[in-house]
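In case you want the letters, here they are:
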Amino acid sequence: MSTSRRPRSGSRTRRSTIKNPVNYLGRSRRAGSPAAFLTVHSFAKVNLGLKFVGQRADGYHELRTVFHSVDLSDRLTFTPRRDSSIVLKCSDVRLPLMADNLVVAAAELLYAAAGARRGVDIMLEKRIPVGAGLGGGSSNAAITLLALCRLFRLELHPARLLEIASSLGSDVPFFLLGGRVLGIGRGNELFPLPDVKAAAILLAVPKDLRIGTQDAYQRASLWLTNSRQANNMARFGSAVFEKVSALELFANDFESVLFPEYPELQHLKAALLAVGARSAQMTGSGSAVFGLFPSISDARRAEKELRSRLSASSLLTFVVRSIPRSQYLKRIFAASE
Ligand code: C5P
């Protein structure tokens, strides 16, 4: 299936702000002919914390969140074409392949911004569960930007790349940075936090429960309207900076919004704590719930126990490690080595 490039609609004009850009974005490869193909990893994220501040004039929610990369990944392979088409194939037949797939949208926007002409075949091998709050689609979009810049040696200012990422979705800019990052605004204004020792994480995703992001935010609006709790931002801010030297969880407001509707998620969190997680939480707007463990072997033991306690056939589980920013870019491109 092939998509021809065409201008995006005028709605994709939201701006991103980056307070501390890292210098690798937009850097070109050495001179020489473009590689025959490029294979990259596209890593997932968890939210260590997520707090709603309120509803914004543009309809989005003002957030405070802390993202962290984890080493559960999809694989993307980019092969230059002789014509100018962008052609996406995907191992998951349920994903849309035309311009409403974020990978195609990312390639189109990048081509328009950089004046690129040569088409590309893109093979997407999915492993990150869709609709689980793990950021798979956003990661795929950001990594498409990085990979095409490298493959075709496109020169684009990092701020422009972040702007394109932000227009694709609120979480997309994070995946250009990776590691541990504080996100404010829509989640797209980023402050990288220092790397800490990698943590062992057990991810648990109910197989039959996919929560739409938009639906979850609509519920959040109602919750914000009805909630009498004062949103104590000072407490969130001081928690982030108190816990800055270790990988810690800060609470996720989506739990208050979604647990009453989906009690199985609350049970999953309780089950993770019961099998030894030192803390557990939902990521983003769910449905994945994750627990932190002292070591990978502890997380593997807990995975077995969790699967025997709950109905294993209804649950996807993954034992993963957090990825520090110092390793993030290397590991994206390590797939082709
Ligand atoms: O930015 P993105 O396209 O990923 O957002 C998907 C939907 O989630 C938006 O249409 C909006 O309804 C909601 N959202 C929000 N506030 C945010 C991020 C997303 O309301 N900070």
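Before any of the text, the structure's been laid out above.
Now for a look at the structure at hand. (Residues numbered from 1 in each chain as written. Predicted model: local features only at pLDDT ≥ 70, side-chain atom pairs only at ≥ 80, totals over all residues. Heavy atoms only, no water.)

## Notes on the overall build of the protein chain
Defined as follows: Each helix is a run of DSSP H or I of at least 4 residues and each strand a run of E of at least 2, with the numbering of both proceeding from the N terminus. Any pair of residues with heavy atoms lying within 4.5 Å of one another is described as a contacting pair. Per-residue and other accessible areas follow the Shrake-Rupley method at a 1.4 Å probe size, with only the shown protein chains counted as cover for residues.
Regarding its fold elements, the protein chain presents 10 helices and 11 strands. Considering only contacts in the protein chain between residues 6 or more positions apart, those separated by 24 or more positions represent 79%. Split by element, the accessible area of the protein chain, about 14800 Å² in all, is 50% carbon and sulfur.

## Remarks on the site of the ligand
We apply this condition: Residue proximity to a molecule or strand is established when one non-hydrogen atom of the residue lies within 4 Å of it. In protein, a polar contact means a hydrogen-donor-capable atom and an acceptor-capable atom, both N or O and within 3.5 Å, with residues adjacent in sequence counting only if both atoms are side-chain atoms; elsewhere, any N or O pair within 3.5 Å suffices.
The environment of the ligand is made up of Tyr60, His61, Leu63, Gly169, Ser170, Arg186, Thr213, Gln214 and Tyr217. The separation between an oxygen atom of the ligand and a polar side-chain atom of Ser170 is 2.6 Å. Surface burial for the ligand is 77%, taken as the share of its 450 Å² of free accessible area covered by protein chains. Per element, the largest residue contribution to the shell around the ligand is three residues, and it comes from helix H5 (residues 213–226).

## Some words on the packing of aromatic side chains
Aromatic ring pairs: the centre-centre distance and the angle between the two ring planes describe each pair. Selection rule: The criterion for an aromatic pair is that two Phe, Tyr or Trp rings (for Trp, the six-membered ring) have centres within 6.5 Å, with stacked assigned to planes under 30 degrees apart, edge-to-face to planes over 60 apart and tilted to the rest. We count a charge as sitting over a ring when the NZ of a lysine or the CZ of an arginine lies within 6 Å of the ring centre and within 35 degrees of the ring normal.
Scanning the model with the defined rule gives nine aromatic pairs in all. On the basis of an interplanar angle of 80 degrees and a centroid distance of 5.0 Å, the ring pair of Tyr217 and Phe254 is categorised as edge-to-face. Of this pair, Tyr217 sits in helix H5 while Phe254 sits in helix H7 (residues 253–258), and the two are 37 residues apart along the sequence. Each residue in the set Phe52, Tyr217, Trp223 and Phe254 is aromatic and connected to the rest through ring pairs, giving one cluster. It is Arg150 that lies over the ring of Phe333; its NZ or CZ is 3.7 Å from the centre.

Purely geometric numbers; function is a separate question.
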